[in-house]
Amino acid sequence: MSTVSTVNGGISFWYADQGTPTAREPLPGDSTADVCIVGGGYTGLWTAYYLKKAVPFLNITVLEAKFCGYGASGRNGGWLYNGIAGRDRYAKLHGHDAAVRLQKAMNDTVDEVVRVTAEENIDADIHRGGVLEVAYTPAQLARLKDFHSVEIAFGQTDRVLRGARETAERIRVTGAVGSTWTPHGARLHPVKLVKGLADAVEALGVTIHESTPVTEIKPKHAHTPYGTVRAPYILRCTEGFTSGLKGQRRTWLPMNSSMIATEPLPKEIWDTIGWDGRETLGDMAHAYMYAQRTADDRIALGGRGVPYRYGSATDNDGRTQPATIEALRDILVRFFPTTAGVRIDHAWSGVLGVPRDWCATVTLDRSTGLGWAGGYVGSGVATTNLAARTLRDLIQQDSGQSGPTDLTALPWVNHKVRRWEPEPFRWIGVHGMYAAYRAADRRELTSPRPGTDPIAKAADRLAGRH
């Protein structure tokens, strides 16, 4: 099918649906604040929100290079769910009980986001259908069963394992042999959330300066071309764009992810698919997909595409290679053959932050006042909220306004990780890893064996994920 009619780039479908906002005024010159937040995505905005609600007299400034939600917060798949990058590693480092507390905090975070959006009258098309992850090969089914058992062991006793017939009653993915479902998830419209959150933050009295790129962060200083903001606390909330800051090139790797959105599908196609529960949908492939049924009955579906640009370069407009669009369309049709003739209305890409050990973190350096949160590895829609509340508690503890809390004791707080390798090793490693994952997926599609392909196991070791 031709993709000539597909809108390619333009940030994302979510912005095409809502309209690109007019940027707020840039920083007018040197200024001061109590807290300066660098980055106007979910992490930065949630942090500003919770800090201002906790301490209304705080002078908080948010600096954003483009406009709020320009990065991953305005380009993601709209999965509000309880996954967090690094939980298994935190269990090894801090013990099983600590990781269970982290998982419970993530379960509660889904509820918290839903609560705040209702309280602030943010209509983000939230639908609480849970998260359904399917398997369609013997190897995937074995991984799915292992995954389900592990999730139960981490306290998710409300998770459900389904066979082929029960899965088809929920959603008819061609060849699906099983699935696992958790209620701790919801579909949402990413841009409606970020726009509503920015408006709510501004209404509380937080100052947001857009079109203001921060070039360097130092203790008590955030430098921009328009002036410097001085503050006791400088918080870096830049996720996949962190590599653009001076001295941060190898801190987090900006991983590319790509998406497509179909035209609104007619009832006769939905009758063949099901998906009446509007669960967010994923699979157990190594190069996995993620999808949602949107409020206006499109399918928005994503995957990795071209995973990484040399030198940690970051995407701007979201333009996506035609081969990636076709690969995502192939996944769509393989899952749902009746979509073979539907139009792909939009394709786009963005970057997410990946630490060297694939663990999300929240940190406040009490000696410098520098803080940061991120490295969500694609699971940031909910994790940003937990990170923000944790940053709030860390700052209140450091400033003497409160003591330690349950959140400041979570195992991801102040976690340290080594930097990524220099080029060209970084580029070779990432591209080699995803080539291996795709090769493993192809081999598993035709293999009757239930075990994970050895190529994928080797890629996991290369990536440092196990």
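Residues numbered from 1 in each chain as written. Predicted model: local features only at pLDDT ≥ 70, side-chain atom pairs only at ≥ 80, totals over all residues. Heavy atoms only, no water.

### A short note on the overall build of the protein chain
Next up, step 1: Counting secondary structure elements, the protein chain contains twelve helices and 21 strands.
Next up, step 2: Here the protein chain has a C-alpha radius of gyration of 21 Å; the compact-globule value for 466 residues is 23 Å, and the two agree.
Next up, step 3: Seen along its three principal axes, the alpha-carbon backbone of the protein chain occupies a region of about 60 × 50 × 45 Å.
Next up, step 4: The long-range fraction of contacts in the protein chain, counting pairs at least 24 apart against all pairs at least 6 apart in sequence, stands at 78%.
Next up, step 5: Carbon and sulfur atoms provide 54% of the accessible area of the protein chain, an area that totals close to 17800 Å².
Next up, step 6: Mean positive and mean negative side-chain charge positions of the protein chain (54 and 49 charges, respectively) differ by 5 Å. (Helix = DSSP H or I, 4+ residues; strand = E, 2+ residues; numbered from the N terminus. Rg over C-alpha atoms; globule rule 2.2 N^0.38 Å. Contact = heavy atoms within 4.5 Å. Areas by Shrake-Rupley, 256 points an atom, 1.4 Å probe, with all protein chains shown as cover. Lys, Arg positive; Asp, Glu negative; His and termini not counted. Charge placed at Lys NZ, Arg CZ, Asp CG, Glu CD.)

### Some remarks on the packing of aromatic side chains
Next up, step 1: In this structure the tally under the stated criterion is 15 aromatic pairs.
Next up, step 2: A centroid spacing of 6.4 Å and a plane angle of 45° characterise the contact between Tyr70 and Phe241, whose relative ring orientation is tilted. One end of the pair, Tyr70, is in the loop between strand E4 (60-63) and strand E5 (79-81); the other, Phe241, is in the loop between strand E14 (233-236) and strand E15 (253-262), and 171 residues separate them in sequence.
Next up, step 3: Pairing Trp270 with Trp275 gives two aromatic rings, centres 6.0 Å apart and planes at 65°, and the pair type is edge-to-face.
Next up, step 4: Since its relative accessible area comes to 5%, Trp270 is described here as buried. (Phe/Tyr/Trp six-rings, centres within 6.5 Å; stacked < 30°, edge-to-face > 60°. Buried < 20%, exposed > 50% of the residue type's maximum accessible area, 1.4 Å probe, protein only.)

### Topic: the nonpolar core
Next up, step 1: Grouped together as the largest cluster of nonpolar side chains are 87 residues, with contacts concentrated most on Trp46, Leu235, Met255 and Trp412.
Next up, step 2: A per-element tally of this core places helix H10 (residues 380-398) first, with eight residues.
Next up, step 3: With residues near it in sequence (within four places) discarded, Trp412 still touches Ile84, Tyr90, Leu102, Ala360, Thr361, Val362, Thr383, Leu386, Ala387 and Thr390.
Next up, step 4: If you look at the next biggest cluster of nonpolar residues, it comprises 28 residues, including Val134, Trp181, Leu265 and Met289. (Core = buried A, V, L, I, M, F, W, Y, C linked by side-chain atoms within 4.5 Å.)

### Some points on the UniProt feature "domain: FAD dependent oxidoreductase" (unreviewed entry) in the protein chain
Next up, step 1: Those places that UniProt annotates as "domain: FAD dependent oxidoreductase" (unreviewed entry) correspond, in this numbering, to residues 34-394.
Next up, step 2: Within residues 34-394, the helical portion is 33% and the strand portion 25%, while the C-alpha atoms at the span's ends are 14 Å from each other. (UniProt positions renumbered as here; feature names shortened; annotations may be inferred.)

### What to know about the sheet that holds strand E1 (residues 7-8)
Next up, step 1: Pairing in this open sheet of nine strands is mixed, and the strands run E1-E19-E15-E18-E17-E16-E6-E8-E7 from one edge to the other. The sheet terminates laterally at E1 and strand E7 (160-163), the two strands that pair on one side only.
Next up, step 2: With four bridges connecting them, E15 and strand E18 (residues 299-303) associate as antiparallel partners. In the sheet register, Met259 faces E18, and the bridge partner there is Gly302.
Next up, step 3: Strands in contact with helix H5 (residues 138-153) are strand E6 (131-135), E7, strand E8 (178-182) and strand E16 (280-283); relative to E6, the strand with the most contacts, it is inclined by about 145°.
Next up, step 4: Sitting on the sheet, helix H9 (residues 322-335) touches E1, E6, E15, E16, E18 and strand E19 (344-354), and the angle it makes with E15 is about 55°. (Pairing = 2+ DSSP bridges. Axes fitted to C-alpha atoms, helices over the stretch in contact; angles between N-to-C directions.)

### Some details on the packing of helix H2 (residues 42-54) against helix H4 (residues 96-119)
Next up, step 1: As a packed pair, H2 and H4 sit with axes 14 Å apart at the nearest point and diverge in direction by 70°. In terms of orientation, H2 lies roughly perpendicular with respect to H4. Mapping the contact onto sequence places Trp46, Tyr49, Tyr50 and Lys53 in H2 and Glu112, Val113, Val116 and Glu119 in H4.
Next up, step 2: Here the residues of the contact of H2 with H4 sort into five nonpolar, no polar and three charged. (Parallel < 35°, antiparallel > 145°, perpendicular 65-115°, else oblique. Nonpolar A, V, L, I, M, F, W, Y, C, P; charged D, E, K, R; others polar.)

### Focus: the packing of H4 against H10
Next up, step 1: Between H4 and H10, whose axes approach to 9 Å, the crossing angle comes to 105°. When the interaxial angle is binned, H4 and H10 end up roughly perpendicular. Between H4 and H10, the contacting residues are Leu102, Ala105, Met106, Thr109, Glu112 and Val113 on the first element and Ala382, Thr383, Asn385, Leu386 and Arg389 on the second.
Next up, step 2: For the contact of H4 with H10, a count of residues per class yields six nonpolar, three polar and two charged.

### A closer look at the side chain of Arg162
Next up, step 1: Position of Arg162 among the secondary structure elements: in strand E7.
Next up, step 2: For the buried Arg162, no salt bridge exists, and the shortest N-O distance to an oppositely charged side chain is 5.2 Å, to Glu279.
Next up, step 3: If we skip the residues at most four places from it in the chain, Arg162 touches Leu132, Thr167, Arg170, Gly178, Ser179 and Trp181. (Salt bridge = Lys/Arg side-chain N within 4 Å of Asp/Glu carboxyl O.)

### Considering the environment of Asp17
Next up, step 1: For Asp17, the location among the structural elements is in helix H1 (residues 13-18).
Next up, step 2: Here the alpha-carbon distance between Asp17 and His189, two residues 172 residues apart in the chain, equals 9.8 Å.
Next up, step 3: Only 2.9 Å separates the side chain of Asp17 from the side chain of His189, close enough to count as a polar contact. (Polar contact = N/O pair within 3.5 Å; in protein donor to acceptor, adjacent residues only side chain to side chain.)

### Some thoughts on the pairing of E14
Next up, step 1: The alternating pattern of E14 places Tyr233 and Leu235 on one face and Ile234 and Arg236 on the opposite face, and all of these are buried.
Next up, step 2: Here strand E3 (residues 35-38) runs beside E14; their pairing, made up of four bridges, is parallel. Paired with Val35 across the strands is Tyr233, a residue of E14.

### A word on the environment of Gly274
Next up, step 1: Locating Gly274 in the fold gives a position in the loop between helix H8 (267-273) and E16.
Next up, step 2: Taking the C-alpha atoms as reference points, Gly274 and Ala168, 106 residues apart in sequence, are found 8.1 Å from one another.
Next up, step 3: Contacts of Gly274, omitting those with residues within four sequence positions, involve Arg170, Arg172 and Arg293.

### Things to note about H2
Next up, step 1: Along its 13 residues, H2 runs 18 Å from first to last C-alpha, staying within 8% of the 18 Å computed at 1.5 Å per residue.
Next up, step 2: Burial of H2 is extensive: eleven of the 13 residues sit out of reach of the surface.
Next up, step 3: Along H2, the positions that sit buried rather than exposed are Tyr42, Thr43, Gly44, Leu45, Trp46, Thr47, Ala48, Tyr49, Tyr50, Leu51 and Lys52. (Expected span 1.5 Å × (residues − 1).)

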